[in-house]
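A look at the structure
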Amino acid sequence: MRSKLSFGFLIASATGLVVSAMLPLLAGASAAGPAYLAEVSFTAKAQHGHLAKLSVTTGATIPRHPDAFIRSNPVVGFAWVDVGTSKAFVATIHPAIGRDSRQNPNGWHAHTVTLATGATAPNEFCLASIDSSPNAGIQVHGKTMRVNVRARVLPFAASAVDTAVGFTLQQDSACTSGLAVRIST
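In this report, the structure presented in the accompanying data block is examined. (Residues numbered from 1 in each chain as written. Predicted model: local features only at pLDDT ≥ 70, side-chain atom pairs only at ≥ 80, totals over all residues. Heavy atoms only, no water.)

All right, on to the overall build of the protein chain then. Across its full length, the protein chain carries two helices and 10 strands. In sequence order, the protein chain lays out its α and β elements as α-β-β-α-β-β-β-β-β-β-β-β. Each of the 185 residues in the protein chain was classed as buried or not, and the buried ones make up 39%. Looking at the protein chain alone, contacts between residues at least 24 apart form 60% of all its contacts between residues at least 6 apart. Working note: accessible area of the protein chain is about 9500 Å², and carbon and sulfur atoms make up 57% of it. (Helix = DSSP H or I, 4+ residues; strand = E, 2+ residues; numbered from the N terminus. Buried < 20%, exposed > 50% of the residue type's maximum accessible area, 1.4 Å probe, protein only. Contact = heavy atoms within 4.5 Å. Areas by Shrake-Rupley, 256 points an atom, 1.4 Å probe, with all protein chains shown as cover.)

Quick look at the structure:
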């Protein structure tokens, strides 16, 4: 019994170290971007067990349609991240690389993704995989984006969200996928 407790303690301690090492990276963004990508506050809540409600409020009005910054980057978005699993739910827009969503191919739409380490600075993480393209209700009202999504399509429980960030995807040959996440400030 004691060895199981010790092993469990080691696993919990290691997980805590990984989370504590990753949180500053997510909080201390490396690249300037438009104020609408600078997260001011966020929420992630379950409602009635079947629905997740996510929101992010930023430093400026979030464009509903692509502006010059969005058109000049491969992917622009917001991510709600569970650092412990390296999973994220993202709301993205990416006219530069084309359509990949049936729900809203030219506007904001959702994906679930997995992140990995190994990106080249100023990028923070590699995009390891795009795991799904779930349907989601995405509303933009001024500086706030609200997302309603079925809880079962999230890669984690809404309560597991550690942070939300604005980001762009950039090419990075150090990443297996060739794409890295650059968090915006």
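Still more ground to cover, so stick around.
Attention now goes to the side chain of Thr168. As for its position among the elements, Thr168 is in strand β9 (residues 163–171). Judged by relative accessible area, Thr168 falls into the buried class, the value being 3%. A distance of 3.0 Å separates a polar atom in the side chain of Thr168 from a polar atom in the side chain of Gln170. Leave out the neighbours within four places in its chain, and Thr168 touches Leu37, Phe69, Asn73, Val75, Val76, Ala180, Val181, Arg182 and Ser184. (Polar contact = N/O pair within 3.5 Å; in protein donor to acceptor, adjacent residues only side chain to side chain.)

Now for the environment of Ala91. Positionally, Ala91 belongs in strand β4 (residues 87–93). Its relative accessible area of 0% is what places Ala91 among the buried residues. Between the C-alpha atom of Ala91 and that of Gly166, which follows or precedes it by 75 residues, the distance is 9.6 Å. When neighbours within four sequence positions are excluded, Ala91 is seen to be in contact with Val76, Gly77, Phe78, Trp80, Trp108, His109, Ile138 and Met145.

What follows concerns the state of the cysteines. The tally for this structure, following the rule as stated, stands at one disulfide. Covalent S-S linkage joins Cys126 and Cys175, the inter-sulfur distance amounting to 2.1 Å. Given an S-S torsion of about -80°, the disulfide between Cys126 and Cys175 has left-handed geometry. Taken as a pair, Cys126 in strand β6 (residues 125–132) and Cys175 in the loop between β9 and β10 (179–183) lie far apart in primary sequence, 49 residues in all. In this structure Cys126 comes out as buried when scored by relative accessible area, which is 4%. (Disulfide = S-S within 2.5 Å.)

Attention shifts here to the nonpolar core. The biggest cluster of nonpolar side chains holds 26 residues, and the ones touching the most others in it are Phe78, Trp80, Phe89, Trp108, Met145 and Val147. Only β2 (51–58), β3 (75–82), β4 and β8 (144–150) provide two or more residues apiece to this core. One finds Val75, Ala79, Leu115 and Val165 within the second-largest nonpolar core, a separate group that totals 15 residues. (Core = buried A, V, L, I, M, F, W, Y, C linked by side-chain atoms within 4.5 Å.)

Turning next to the pairing of β10. Along a regular strand, successive side chains alternate from one face of the sheet to the other. Note: β6 against β10, two bridges, orientation antiparallel. Residue pairing across strands places Phe125 opposite Val181, the latter belonging to β10. (Pairing = 2+ DSSP bridges.)

Each pair of aromatic rings is reported with the distance of its centres and the angle of its planes. Per the counting criterion, the structure on display carries three aromatic pairs. With a centroid separation of 6.5 Å and 80° between ring planes, the pair formed by Tyr36 and Phe69 is classed as edge-to-face. Separated by 33 residues along the polypeptide, Tyr36 in the loop between α1 (2–27) and β1 (39–47) and Phe69 in helix α2 (residues 68–71) bring together distant segments of the chain. For the pair Trp80 and Phe89, a centre-to-centre distance of 6.2 Å together with 50° between the ring planes defines the contact as tilted. Classification of Trp80 as buried rests on a relative accessible area of 0%. (Phe/Tyr/Trp six-rings, centres within 6.5 Å; stacked < 30°, edge-to-face > 60°.)

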